[in-house]
Amino acid sequence: MIELEVPLGERSYRVLVGAGARHRLLEVLPIGVERVALVTQAGIPVEVDPGVEHRVFTMGEGEQSKDLGTVEDLCRDFARWGLTRGDCVVAVGGGVVTDTAGFAAAAYHRGVPIVHVSTTLLGQVDAAIGGKTGVNLPEGKNLVGAFWQPAAVLCDTDVLATLPPREYRNGLGEMAKYAFLGVDRLADLPLDEAVAACVACKAEVVGSDEREGGRRAILNYGHTLGHALETAGSYDLRHGEAVAIGLIYAAELAHRMGRISGDRVAEHRKVVAGYDLPMALPPDSDPEQLVALFARDKKAVGGLTFVLDGPNGVEPVRVDDRALLLDTFTALT
Ligand code: GLY
């Protein structure tokens, strides 16, 4: 088992990564917890035993269940059961469950502890780590939320073997970005070490900028185009697949701006291809529409900010050259 820490002073927490990590739940519950509200989905084939009195609360499947209605349902369930701040919520699932249960835990009684048992690759390398919680509105994804750090995170790599291949690939898209955020030879590592290396990278970034005042934005490498593709919506792309295309776009854009060499672009293509992820724009996509969607990114405050590779590594960069943004799409056909 690999043990890591997200370093946040008195809110620091452990992340256990490895085969069977889910069986360490009792050990990582906050001291004194007597009852656990276990939030999961019907389709998640992962059983956990908190080792204390507990009740299972099942939420719906899919992004459409990640909404304020589900948060209200969970909080009302917690209230009817009499959950208190001395108890704990345990979220067992992927990002939809940990984001939604995390927000419910942040809001209920103005904050009850939560432990995440992350069951997807995407969740283990991203969603479950770092305390971003929230839900969607009809107007857009993740528009309501809170920073609420978990008390611990368990990343059981055994359960990843049960993921459908496309869900696993979804996680690889998110994993690929870490190859450019300082994780060396990521593709050569065994799965548990690769997950742990990504978690360690994210933990360091979150520890330096918990509330995304600046540096934490680098975790969105590849996401500006990725989110635009998801929002444009008709391409049947999973999040990680959209991010993979976004990584290639970001590399090509950085190259056109003179920030990185052609060899570095080739490295991006090698990593993304190595994970068998898409690198080209979906054939029916409209660059004009995608550039318009860039401006709707949550990070677009006072102008377009891209996360780009360069001489100082990956960092947020202002890009206002619309013609350049459009022209860069020609490299993705
Ligand atoms: N998923 C990006 C972050 O946690 O900041």
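You'll find the structure just up there.
Let me sum up the structure you'll find in this document. (Residues numbered from 1 in each chain as written. Predicted model: local features only at pLDDT ≥ 70, side-chain atom pairs only at ≥ 80, totals over all residues. Heavy atoms only, no water.)

Another aspect to go through is the overall build of the chain. A tally of helices and strands in the chain yields eleven helices and eleven strands. Relative to the compact-globule value of 20 Å for 333 residues, the chain shows a C-alpha radius of gyration of 20 Å, a close match. Taking the principal axes of its C-alpha atoms as reference, the chain extends roughly 60 × 40 × 35 Å. Counting all 333 residues of the chain, 54% fall into the buried class. Considering only contacts within the chain whose residues lie at least 6 apart along the sequence, 69% involve residues at least 24 apart. Averaged over its 32 positive side-chain charges, the chain has a centre that lies 3 Å from the centre of its 46 negative ones. (Helix = DSSP H or I, 4+ residues; strand = E, 2+ residues; numbered from the N terminus. Rg over C-alpha atoms; globule rule 2.2 N^0.38 Å. Buried < 20%, exposed > 50% of the residue type's maximum accessible area, 1.4 Å probe, protein only. Contact = heavy atoms within 4.5 Å. Lys, Arg positive; Asp, Glu negative; His and termini not counted. Charge placed at Lys NZ, Arg CZ, Asp CG, Glu CD.)

What follows covers the sheet that holds strand β2 (residues 13-18). Taken in spatial order, the seven strands of this open sheet run β1-β2-β9-β6-β5-β3-β4, and their pairing is mixed. This sheet does not close on itself; its edge strands, each paired only once, are β1 (2-6) and β4 (53-59). When strand polarity is set aside, the average angle formed by the axes of neighbouring strands in this sheet is 20°. As defined by bridge partners, strand β6 (residues 114-118) adjoins strand β9 (residues 152-156) across four bridges and the pair is classed as parallel. Bridging across to β9, valine 117 finds its partner in leucine 154. Lying over the sheet, helix α2 (residues 68-81) contacts β3 (35-41), β4 and β5 (88-93), oriented at roughly 155° with respect to β4. Lying on the sheet, helix α6 (residues 191-208) is in contact with β1 and β2; it crosses β1 at an angle near 15°. (Pairing = 2+ DSSP bridges. Axes fitted to C-alpha atoms, helices over the stretch in contact; angles between N-to-C directions.)

Taken together, Asp126, Lys132, Lys202, Glu212, Arg216 and Leu219 make up the full set of residues adjacent to the ligand. Contact distances for the ligand include 2.9 Å between an oxygen atom and a side-chain N or O atom of lysine 132. One of the side-chain nitrogen or oxygen atoms of arginine 216 is found 2.7 Å away from an oxygen atom of the ligand. Per-class residue counts for the shell around the ligand are one nonpolar, no polar and five charged. (Near = heavy atom within 4 Å. Polar contact = N/O pair within 3.5 Å; in protein donor to acceptor, adjacent residues only side chain to side chain. Nonpolar A, V, L, I, M, F, W, Y, C, P; charged D, E, K, R; others polar.)

This part covers the packing of α2 against helix α3 (residues 95-107). Between α2 and α3, whose axes approach to 9 Å, the crossing angle comes to 55°. One finds that α2 runs oblique with respect to α3. As for how α2 packs across α3, the hand of that crossing is right-handed. Along its contact with α2, which presents Leu68, Thr70, Val71, Leu74, Cys75 and Phe78, the element α3 presents Thr100, Ala101, Phe103 and Ala104. Taken together, the residues that form the contact of α2 with α3 break down as eight nonpolar, two polar and no charged. (Parallel < 35°, antiparallel > 145°, perpendicular 65-115°, else oblique. Left-handed = near helix turned anticlockwise from the far one by under 90°.)

In terms of nonpolar packing, the biggest core is built from 113 residues, with Val15, Phe78, Val89, Met175, Leu225 and Phe294 touching the most fellow members. Sequence-distant contacts of valine 15, defined by excluding residues within four places in its chain, comprise Ile2, Glu3, Leu4, Val6, Ile129, Val153, Cys155 and Val199. (Core = buried A, V, L, I, M, F, W, Y, C linked by side-chain atoms within 4.5 Å.)

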